[in-house]
Amino acid sequence: MSASSALPAAGPAVATREAAANSTCYHCGAPNPARGRWREIIAGTPREFCCAGCVAVARTVHAAGLDSLYAGRSAPALRADAAADDWTRWGDAAEAGGLVRSLPDGYREASLLIEGMNCGACVPLVESWLARQPGVAGIDVNYASRRATVRWHPDRTRLSALLRAIAAVGYAAYPYDPARREALARRERRALLTRMAIALLAMMQVMMFALPLYLSADDVAPEHRRLLDWASLVLTLPVLVFSASPFFAGARRDVRHRRLGMDIPIVIGVTAAFIASASSVLRGDGPVYFDSVTMFIALLLVARYVELIARQRGASAIEAVARARADTALLLPRWPSVADPDTVAAATLEPGDMVLIRPGALVPADGEVVDGRSQVAEAMLTGESVPVSRGPGDSLWAGAVNGADALVMRVRCAGEDTRLSAILRLSERAASARPAVARTADRVAAYFVGGLLVLAAGTAAYWLQSDPARALPVTFAVLAVSCPCALALATPAALAAAAGALARSGVVIARADALETLARVTHVVFDKTGTLTEGRIRLTGVATPGDGTRADALRLAAALATRSEHPLARALADAAPGDAPHTADALRQTAGEGIAGCIGDAELRLGRPEFVAALAGPMPAALAECARRCADTLVALGGNRGWHALFTLSDTLRPGAAEVVAQLDAMGIETLLLSGDRQASVAAVARRVGIGDARAQLRPEDKRDAIARLQREGAVVAMVGDGINDAPALAQAQVSVSLGSAAPLAQWTADAVILSDRVESIALMLHDARRTFRIIRQNLGWALMYNMVAVPAAAFGLVTPLLAAAGMSLSSLVVVGNALRLTRPRMLHWSGAAVTDIDAPEAAWKS
């Protein structure tokens with residue numbers, strides 16, 4: 001969707017209306033009005049519509065990636081109900097376009113884009129208002145991306161009712177799509193930049209008019225002074241009416257909903273100062289404060305503009321994931337006999353479809369290459385900037401960018417089932433929820449505003465009694481010098497910057513409180529297979545008792561392992577001969593033990609030797625001797641007819657495993673290795689990576705109990721695992737981390753996902769979490785210290801209104817600038833007992 005689809009806050013159904021000759025509506029096929037029609041650019045092509053409702057539906061269909069519906073339909077669509085209000089049209093179009101998700105518990109969920117939020121204090125207003133609406137089960141609003149995730153019961157309310165409720169509190173909400181979000185961001189920047197430029201120009205001119213009065217007020221003739229005052233009044237009016245209009249709108253909204261927002265003291269201060277100054281000009285006598293008013297508004301807008309840039313920069317990395325989804329795909333329905341592609345919506349692809357991926361095109365679905373070889377950029381999915389070679393048999397992921405050569409891919413999964421969609425859901429879940437520290441900062445800011453208004457009223461009353469001439473400037477200074485904005489920005493600015501920096505390095509923080517918990521981690525617990533090792537298991541040996549053959553044992557093992565995703569099971573299945581396969585029935589998988597099933601009338605087990613021995617009896621002496629001498633991982637096969645085989649398998653240590661352990665040790669974080677593998681294999685890996693506390697032959701519940709014991713001793717534990725066997729331990733730990741190659745269950749239940757599979761990112765993530773909350777503490781400390789010094793000084797008349805305006809803006813800029821340090825690329829260096837970080841150029845950081 002083009003930028004022309006951006007909508008003003010006044011309402012959602014707005015497009016360019018132009019006179020033109022008669023034609024039919026692109027959506028419904030009805031004749032367009034003779035005197036005018038609605039025109040909109042859809043998928044890069046200008047389209048004409050009969051009404052605003054059809055525009056809304058077509059926009060939403062395009063946002064859902066379903067443009068092919070128009071190409072393949074056999075009859076025109078139904079015309080949108082022009083009598084319905086805009087919000088009903090938007091809600092109906094979102095549901096028809098597939099932008100409303102049905103949850104397993106019967107609830108519905110949708111992502112919305114909210115316009116009109118001027119500061120972080122708007123978030124609790126939107127959340128509390130929507131939470132009171134009938135049928136709403138949950139609402140999370142992310143200020144950085146302007147995105148809200150709302151859940152409701154379809155029997156009690158509809159999406160259109162929720163959109164209408166948001167409009168009732170002064171905001172506008174639309175079904176979310178990245179193009180509209182980019183258009184909103186551009187419009188926000190442009191509007192704020194215009195307001196700021198006008199305010200700055202007026203401020204400089206008014207300051208120039210005020211300068212003679214500051215230098216020598218007695219030498220300025222009365223008629224010249226009146227001329228300067230009138231000129232200042234005229235220049236201040238557009239600043240108050242236009243540049244400061246967002247503050248007045250926010251204050252009006254806060255008053256209407258009986259809420260103390262930070263726009264209220266701003267509006268009270270500038271309004272009182274302007275009215276008093278205008279009254280002095282009209283009377284021809286008395287002090288004026290136009291310079292303070294214009295400076296206050298201009299510098300406040302400068303601070304908000306810097307905050308806007310920081311917020312959008314922090315959210316851009318997460319939003320880039322949404323933009324990486326392809327809208328269309330080139331389907332090859334008759335490949336390989338016919339290579340002519342059909343253009344279809346990417347969301348309509350099905351497993352088994354063949355698609356053509358041209359050079360430079362986005363991969364539209366997950367699948368594997370069947371023809372061609374090319375370099376593919378997967379930076380959006382892994383954080384790695386170097387393209388990788390992909391050829392026949394290699395996997396491709398939706399969102400990757402093809403290089404110079406065409407590829408043909410067989411689709412494995414599409415739409416919401418792709419890895420890219422899973423990453424996006426994790427990102428949305430984290431971005432929409434606010435951590436406890438942010439909620440606490442919001443409450444503190446609200447109490448601060450209330451206390452500030454009480455203090456301002458008391459200050460005004462005192463100075464009216466002791467020195468009435470100074471009552472107004474002192475009270476204005478109290479209202480201007482205070483900085484609730486800095487308190488409100490201290491946390492969200494840092495969190496947005498940190499989330500964006502981590503996302504660019506291939507780390508997705510999936511839960512709101514995870515970053516805060518990561519900053520307090522004292523112990524990191526690793527699983528072995530697939531975490532410290534690559535999980536690329538290879539068969540190294542087969543031992544059989546008696547006259548059993550290697551091929552027979554592998555066929556039996558493959559029949560049991562064929563449906564398992566465990567790396568050991570996959571290695572056995574891949575190593576089995578392809579001829580005369582067996583078929584297993586009644587397969588049952590026991591986490592941490594193995595797989596049981598039946599082949600013919602024989603009951604078999606595959607897994608830990610103890611698990612197999614419970615059915616097959618004691619291990620034969622020959623196999624026991626092999627097990628004693630082997631340091632590799634052992635998998636046993638046996639059943640109700642005795643032992644069949646003992647398999648030895650080995651894995652490759654993951655690059656960077658030893659380095660991340662050294663980094664964590666240097667940061668003062670203890671490392672442990674908890675594995676279900678044999679003692680010899682676990683000890684060998686622990687020795688190579690430098691972990692002193694390694695525990696072997698643990699079942700999933702044993703790992704969970706070991707973590708619980710650490711927690712009872714006061715430890716804050718991060719668990720790094722990749723498989724279903726790790727799920728109990730991941731759930732027990734205060735914060736769970738999984739790799740991008742992990743089983744889906746481990747990824748979805750994890751608090752953080754490392755997309756690139758680079759274990760070194762664990763140390764970087766923990767370092768950045770600590771640094772983020774160090775900056776949050778610095779921001780909060782600065783804001784509190786500044787207000788504790790500046791507000792009393794202003795109340796005692798020691799701060800002029802001009803100095804108060806400058807101080808307030810400086811405080812906000814310090815907070816935002818400090819948070820922006822988190823967006824700089826970092827590299828960790830360790831030596832001896834210390835870990836340091838240095839700023840790094842972009843190329844070095846990504847290499």
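Here we summarise the structure given alongside this text. (Residues numbered from 1 in each chain as written. Predicted model: local features only at pLDDT ≥ 70, side-chain atom pairs only at ≥ 80, totals over all residues. Heavy atoms only, no water.)

**Looking at the overall build of the protein chain**
Note the cut-off: Runs of E in the DSSP output that reach at least two residues are strands. Runs of H or I that reach at least four are helices, and both are numbered from the N terminus. In this scheme, a residue with accessible area under 20% of its type's maximum is buried, one over 50% is exposed, and one in between is partly exposed, where area comes from a 1.4 Å probe on protein chains only. What makes two residues a contact is simply this: any of their non-hydrogen atoms within 4.5 Å. With residues, only the protein chains shown are counted as cover, and all accessible areas are computed by Shrake-Rupley using a 1.4 Å probe.
For the protein chain, the helix and strand inventory stands at 29 helices and 32 strands. A burial count over the protein chain gives 55% of its 847 residues as buried. When contacts within the protein chain are restricted to residue pairs at least 6 apart in sequence, those whose partners lie at least 24 apart make up 67%. Just so you have it, the protein chain exposes about 34900 Å², and 58% of that area is on carbon and sulfur atoms.

**With respect to the side chain of Ser374**
The cut-off we apply is this: Pairs of N or O atoms are called polar contacts if they sit within 3.5 Å, as long as, within protein, a hydrogen donor faces a hydrogen acceptor (for residues adjacent in sequence, only side-chain-to-side-chain pairs).
With respect to the secondary-structure elements, Ser374 resides in strand β13 (residues 374–377). Within the structure, Ser374 has its side chain in polar contact with the backbone nitrogen of Gly403 (distance 3.4 Å). Beyond its immediate chain neighbours, meaning those up to four positions away, Ser374 contacts Val388, Ser389, Arg390, Asn402, Gly403, Ala404, Asp405 and Leu407.

**Here's the deal with the environment of Cys25**
Take Cys25: it is sitting in the loop between β1 (16–18) and β2 (37–42). For the pair Cys25 and Glu48, spaced 23 residues apart in the sequence, the C-alpha separation amounts to 5.8 Å.

**Remarks on the packing of helix α9 (residues 263–283) against helix α14 (residues 468–481)**
Quick reminder of the rule: Here the axes come from fitting lines to C-alpha atoms, over the contacting stretch only for helices, and the angles between their N-to-C directions go from 0 to 180 degrees. Each angle is binned into one of four classes, with values under 35 degrees roughly parallel, values over 145 roughly antiparallel, values of 65 to 115 roughly perpendicular, and all other values oblique. Handedness of a crossing is defined here by the sense of rotation of the near helix relative to the far one, left-handed for an anticlockwise turn of less than a right angle and right-handed for a clockwise turn.
Contact pair α9 / α14: the axes reach a minimum separation of 9 Å and the direction vectors enclose 155 degrees. Judged on the interaxial angle alone, α14 and α9 are roughly antiparallel. At the point where α9 passes α14, the crossing takes the left-handed sense. Of α14, the residues touching α9 (which contributes Pro265, Ile268, Gly269, Val270, Ala272, Ala273 and Ala276) are Leu472, Phe476 and Leu479.

**Structural notes on the sheet that holds strand β21 (residues 585–590)**
How we decide: If DSSP finds at least two bridges between two strands, the strands pair.
Within the open sheet, the six strands sit side by side as β20-β25-β24-β23-β22-β21. Their pairing is antiparallel. Each end of this open sheet is capped by a strand with a single partner; those strands are β20 (538–543) and β21. Across this sheet, the average inter-strand angle for adjacent strands is 20 degrees, counted without regard to direction. Relative to strand β25 (residues 642–650), helix α19 (residues 567–575) is tilted by about 105 degrees, and along the sheet it contacts β20, β23 (602–607), β24 (633–639) and β25.

**Observations regarding the packing of aromatic side chains**
The condition that has to hold: We call Phe, Tyr and Trp rings a pair once their centres come within 6.5 Å, taking the six-membered ring for Trp, and we label the pair stacked below 30 degrees between planes, edge-to-face above 60, and tilted otherwise. Look at NZ for Lys and CZ for Arg. If either is within 6 Å of the ring centre and within 35 degrees of the ring normal, a charge sits over the ring.
Under the definition given, this model contains four aromatic pairs. Relative to Trp463, the ring of Tyr462 lies with its centre 5.5 Å away and its plane at 85 degrees, an arrangement referred to as edge-to-face. On the accessibility criterion, Tyr462 (52% relative accessible area) is exposed. One cation-aromatic arrangement involves Arg195 over Phe242; the distance from NZ or CZ to the ring centre is 4.6 Å. Across from the ring centre of Phe611, 4.5 Å away, lies the NZ or CZ of Arg605, which sits over that ring.

**What to know about a nonpolar patch on the surface**
Heads up, the condition is: For patches, a residue must show more than 30% relative accessible area and have no salt bridge; joins then use 9 Å for like charges and 5 Å for nonpolar side chains, namely Val, Leu, Ile, Met, Phe, Trp and Tyr. For this analysis, a salt bridge means a side-chain nitrogen from Lys or Arg found within 4 Å of a carboxyl oxygen belonging to Asp or Glu.
Taken together, Leu784, Met785, Met788 and Val789 make up a surface patch of nonpolar side chains, about 430 Å² in accessible area. Relative to the elements of secondary structure, Met785 occurs in helix α27 (residues 760–795).

**Regarding the pairing of β25**
In terms of residue burial, β25 counts as a mostly covered element, since eight of its nine residues are buried. For β20 and β25, the ladder comprises five bridges, and the chain directions are antiparallel. Residue pairing for β25: Arg538 is matched across the bridge by Ser650. With seven bridges connecting them, β24 and β25 associate as antiparallel partners. Among the inter-strand pairings, Gly639 is bridged to a residue of β25, identified as Gly642. Following β24, the chain reverses through two residues before pairing antiparallel with β25.

**Description of α9**
Selection rule: Expected helix span is computed as 1.5 Å times (number of residues minus one).
Between its first and last C-alpha atoms α9 spans 30 Å; for 21 residues at 1.5 Å apiece the expected length is 30 Å, and the two agree. Residue Gly284 follows α9 closely and has a positive phi angle near 80 degrees.

**Notes on α19**
What counts is decided by this rule: Think of it as the arc spanned by the lines of direction from the helix axis to the C-beta atoms.
Within α19, the full set of buried residues consists of Leu568, Ala569, Ala571 and Leu572. Take α19 and look down its axis: the buried residues cluster within an arc of 160 degrees, on one side only. Of the surrounding secondary structure, the elements contacted by the buried residues of α19 are β20, α18 (550–561), β23, β24 and β25.

**Observations concerning the pattern of salt bridges**
For the structure shown, the criterion picks out nine salt bridges. Residues Glu368 and Arg410 are paired through a salt bridge, measuring 3.5 Å at the closest nitrogen-oxygen approach. With Glu368 in strand β12 (residues 366–371) and Arg410 in strand β17 (residues 407–413), this residue pair connects regions lying 42 residues apart in the sequence. Accessibility expressed as a relative area gives 30% for Glu368, which makes it partly exposed.

**Digging into the side chain of Thr294**
Along the polypeptide, Thr294 turns up in helix α10 (residues 290–323). What makes Thr294 buried here is its relative accessible area of 0%. Of the polar contacts made by the side chain of Thr294, one reaches the backbone oxygen of Phe290; its length is 2.9 Å. Residues contacting Thr294, with those up to four places away along its chain left out, are Ala199, Met203, Val206, Thr236 and Val239.

**Let's talk about unusual backbone geometry**
The phi angle of most residues is negative, glycine excepted, and most peptide bonds adopt the trans form. Following Trp335, the chain continues into Pro336 via a peptide bond in cis, with omega recorded as 10 degrees. In this fold, Pro336 is placed in the loop between β9 (328–331) and β10 (342–345). One non-glycine residue with positive phi stands out, namely Ala586, at about 55 degrees. Tracing the backbone shows Ala586 in strand β21. With phi around 55 degrees, Gln697 is a residue other than glycine that occupies positive phi space. Here Gln697 is to be found in the loop between β27 (693–695) and α24 (700–712).

**Comments concerning the environment of Leu103**
One can find Leu103 in the loop between β4 (100–102) and β5 (108–115). Among the residues examined, Leu103 registers a relative accessible area of 24% and is labelled partly exposed. Here the alpha-carbon distance between Leu103 and Trp152, two residues 49 residues apart in the chain, equals 10.0 Å.

**Remarks on the environment of Val542**
Of note, Val542 is situated in strand β20. Residues Val542 and Ala645 lie 103 residues apart in sequence; the distance between their C-alpha atoms is 6.7 Å. Val542 has contacts with Arg550, Ala553, Ala645, Leu646 and Phe647, leaving out every residue within four places of it along the chain.

**Thoughts on the sheet that holds strand β26 (residues 670–674)**
Read across the sheet, seven strands follow the order β18-β30-β29-β28-β19-β26-β27 without closing on themselves; strand pairing throughout is mixed. Sheet topology places β18 (507–509) and β27 at the edges, where each strand pairs with a single neighbour. Averaged over all pairs of adjacent strands, the angle between their axes in this sheet comes to 20 degrees, without regard to strand direction. Here strand β29 (residues 735–739) runs beside strand β30 (residues 752–754); their pairing, made up of three bridges, is parallel.

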